[in-house]
Amino acid sequence: MTMFFDSEFDRIFKRMSNSFFNIDDIFEEFKGNDSASGPYFYGYTMTVGPDGKPVVKEYGNVKPGLIPTSDTREPIVDTIVDEKEKEVKLIAEMPGVEKTDVKIVVENKIVDISAEHGEKKYHVKVPVKHKVNENSAKASYKNGILQLVFKLVDEKPKGKTVEVE
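Residues numbered from 1 in each chain as written. Predicted model: local features only at pLDDT ≥ 70, side-chain atom pairs only at ≥ 80, totals over all residues. Heavy atoms only, no water.

(A) View of the sheet that holds strand S7 (residues 120–127). Taken in spatial order, the 3 strands of this open sheet run S5-S6-S7, and their pairing is antiparallel. Since the sheet does not close on itself, it has two edges, and those belong to strand S5 (102–107) and S7, each with one partner. Adjacent strand axes in the sheet meet at a mean angle of 10°, parallel and antiparallel pairs treated alike. Relative to S7, strand S6 (residues 110–117) runs antiparallel, the two sharing 8 bridges. For His117, the partnering residue across the bridge sits in S7 and is Lys120. (Pairing = 2+ DSSP bridges. Helix = DSSP H or I, 4+ residues; strand = E, 2+ residues; numbered from the N terminus. Axes fitted to C-alpha atoms, helices over the stretch in contact; angles between N-to-C directions.)

Given below as structure tokens:
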């Protein structure tokens, strides 16, 4: 009786594990395609926003179910708002490039960051959700980490106070 259960268990295990071991078949189509050379990565970051709600962001050069269309990577970017110092910091991880390779363009509350050094290519457009002084931007790059700092603009209340007589 135990032999029946052992052989049945082995049969079920082999059938289940086939789906895991056939993952190499998925990457077969990439082997002959030179325009889509790896590495391929995709992921999520989750942080807690200022309102206490979770903020989930996608990153990577491959979206689930899609073949990668370029060899440009999307760096992981984090936005930190420092109310005490009245600053907004954008921190991007871009290892393998030099300080002179990094290009930053700020236009209409969008920060366009790109860098290219040999086979390392990065590009991302980051929306800035706070009111910042675009002319106050200061950037530094050290050990693969780009830090871009903007000064927050003090928003004065609009409108006029009317006194009651």
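(B) Geometry of the nonpolar core. Counting residues in hydrophobic clusters, the biggest one holds 20 residues, and the most contacted among them are Leu90, Met94, Val97, Val102, Val111 and Leu146. Of all elements in the fold, only strand S4 (87–93), S6, S7, strand S8 (132–142) and strand S9 (145–152) reach the threshold of two or more residues within this core. By residue number, the principal contributor to this core is S9, which donates 4 residues. Excluding anything up to four places from it in sequence, Leu90 contacts Asp78, Thr79, Val111, Val126, Val128, Leu146, Gln147, Leu148 and Phe150. (Core = buried A, V, L, I, M, F, W, Y, C linked by side-chain atoms within 4.5 Å. Buried < 20%, exposed > 50% of the residue type's maximum accessible area, 1.4 Å probe, protein only. Contact = heavy atoms within 4.5 Å.)

(C) Representation of the pairing of S4 in the model. Two strands pair when backbone bridges link them, and strand S3 (residues 76–82) and S4 are joined in this way by 7 bridges, in the antiparallel orientation. Bridging across to S4, Val77 finds its partner in Ala92. In this structure, the hairpin formed by S3 and S4 is closed by a connection of 4 residues, where Lys86 is found at a positive phi of approximately 55°. Of the strand pairs in this sheet, S4 and S9 are connected by 7 bridges, and their pairing is antiparallel. When the bridges of S9 are listed, Ala92 appears paired with Leu146.

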